[in-house]
Amino acid sequence: MSDPAPEPADATALRADGLSHAYGDRWVLRDVSLGLDEGQTLAVLGSNGAGKSTLLRILATLLRPTEGGVEVLGCELPREAWKVRGRIGLLGHQPLLYRDLDARENLHFHARLFALPGGGEERAAELLERVGLSHRASTRVDEMSAGMIRRLAVCRALLHEPDLLILDEPLANLDPAGVEEVAPLLGPAPGRTRVLVTHDVDAALAEADRVLGLERDGRVAFALPVGEVDAERARRVYSERAGAR
């Protein structure tokens, strides 16, 4: 009897090799190397200024790295950024919404950008219902509270059902009711790859497959499977001096 065929290897969703970035002569991200398989979650931990948001912007094709190589969903950045942008959903500090448009108009505008069937009307209505904004679909963004804007930004990020979801403090500005509605939409899901920046270490370790810890100077403290990083070690990146090991 012949040996059984080997299991197919997981496809790589993200790969970085020596990734670094500087703003002028100030280096904020230094020599980051990592890999993440499709369907996995990477938690990125580190204090303010450690380069977390810079890393997310590079992965989202919004920023060119100064040095090093990076691939996202099989595409080399920045050369092939145009191929992958439509497969990425970004929820960052900025909501990326038009303040003079209402909730429904914002989602319909983004649906057209992604050429969603039927103008994305059904998908938009579904998401507005899920985040508790159906009754505010005609409210302009500049008339919304910070929590409502965050809920709408979640809808925008998920509208085109992205393969890669990039989340920077995704539950910011949400009250407990908002967290309860939004968190399941942003959580792990079959086939969904996620990169998650959060200061909630316990939640990050509970959801992650791999963990990247960045020191205050943007260097890598650790890049490991979640089972090799305990909460004490994870919290250490928030308190150690730059360059400490």
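As a reminder, the structure under discussion sits directly above these lines.
Here is what the cut-offs are and how they apply
Residues numbered from 1 in each chain as written. Predicted model: local features only at pLDDT ≥ 70, side-chain atom pairs only at ≥ 80, totals over all residues. Heavy atoms only, no water. Salt bridge = Lys/Arg side-chain N within 4 Å of Asp/Glu carboxyl O. Helix = DSSP H or I, 4+ residues; strand = E, 2+ residues; numbered from the N terminus. Buried < 20%, exposed > 50% of the residue type's maximum accessible area, 1.4 Å probe, protein only. Pairing = 2+ DSSP bridges. Contact = heavy atoms within 4.5 Å. Core = buried A, V, L, I, M, F, W, Y, C linked by side-chain atoms within 4.5 Å.

## Examining the pattern of salt bridges
Then, in step 1: This structure, assessed with the given rule, holds 12 salt bridges.
Then, in step 2: For the salt bridge of aspartate 163 with arginine 87, the shortest nitrogen-to-oxygen distance reads 2.8 Å. Taken together, the residues aspartate 163 in the loop between helix H5 (146-158) and strand S7 (164-168) and arginine 87 in the loop between helix H2 (81-84) and strand S6 (88-91) connect sequence positions 76 residues apart.
Then, in step 3: Taking the relative accessible area as the measure of exposure, aspartate 163 reaches 31% and is therefore partly exposed.
Then, in step 4: Arginine 87 gets classed as partly exposed once you look at its relative accessible area, which sits at 30%.
Then, in step 5: Here aspartate 175 makes a salt bridge to arginine 151, at a shortest N to O gap of 3.8 Å. In this pair, aspartate 175 sits in the loop between S7 and helix H6 (176-186) while arginine 151 sits in helix H5, placing the two residues 24 residues apart along the sequence.
Then, in step 6: Its relative accessible area of 42% is what places aspartate 175 among the partly exposed residues.
Then, in step 7: Connected through shared salt-bridge partners, Glu76, Arg79, Glu80 and Lys83 make up one network.

## Notes on the pairing of strand S10 (residues 220-225)
Then, in step 1: Bridge count between strand S9 (residues 210-214) and S10: five bridges; the pairing is antiparallel. Residue pairing across strands places arginine 210 opposite proline 225, the latter belonging to S10.
Then, in step 2: The antiparallel pairing of S9 with S10 creates a hairpin that spans five residues between the two strands, and glycine 218 there sits at a positive phi of about 85°.

## Structural notes on the pairing of strand S3 (residues 41-45)
On a regular strand, each side chain points to the face opposite its neighbour's, so the side chains alternate between the two faces of the sheet.
Then, in step 1: In terms of burial, S3 is largely enclosed, as five of its five residues are buried.
Then, in step 2: Of the two faces of S3, both are covered, the one formed by Thr41, Ala43 and Leu45 as well as the one formed by Leu42 and Val44.
Then, in step 3: As judged from the four bridges shared by S3 and strand S8 (residues 193-197), these two strands associate in the parallel manner. Bridge pairing in S8 places threonine 41 opposite arginine 194.
Then, in step 4: Across four bridges, S3 lies against S9 in parallel orientation.

## Brief notes about the environment of glycine 132
Then, in step 1: Within the secondary structure, glycine 132 sits in the loop between helix H4 (121-130) and H5.
Then, in step 2: Given the relative accessible area of 22%, glycine 132 is considered partly exposed.
Then, in step 3: For glycine 132 and arginine 151, which are 19 residues apart along the polypeptide, the C-alpha to C-alpha distance reads 8.2 Å.
Then, in step 4: What glycine 132 contacts, discounting residues up to four positions off in sequence, is Arg151 and Glu181.

## Examining unusual backbone geometry
Negative phi characterises most residues that are not glycine, and trans characterises most peptide bonds.
Then, in step 1: The omega torsion of the bond from leucine 77 to proline 78 falls at 0°, within 30 degrees of zero and hence cis.
Then, in step 2: Note on placement: proline 78 falls in the loop between strand S5 (75-77) and H2.
Then, in step 3: Positioned with a positive phi, aspartate 31 is a non-glycine residue whose angle comes to about 55°.
Then, in step 4: Its location among the elements puts aspartate 31 in strand S2 (residues 26-37).
Then, in step 5: Phi is positive for asparagine 173, which is not a glycine, with a value near 70°.
Then, in step 6: Among the structural elements, asparagine 173 can be located in the loop between S7 and H6.
Then, in step 7: Asparagine 173 sits in the exposed class, given a relative accessible area of 56%.

## Side note on the nonpolar core
Then, in step 1: With 32 residues, the main nonpolar core has Leu14 and Val72 as its most contacted residues.
Then, in step 2: When sequence neighbours within four positions are dropped, the list of residues in contact with leucine 14 reads Leu34, Gly35, Leu36, Leu59, Glu71, Val72, Leu164 and Val195.
Then, in step 3: If you look at the next biggest cluster of nonpolar residues, it comprises 30 residues, including Leu107, Val154, Leu185 and Leu196.

Honestly, it's all geometry; don't read function into it.
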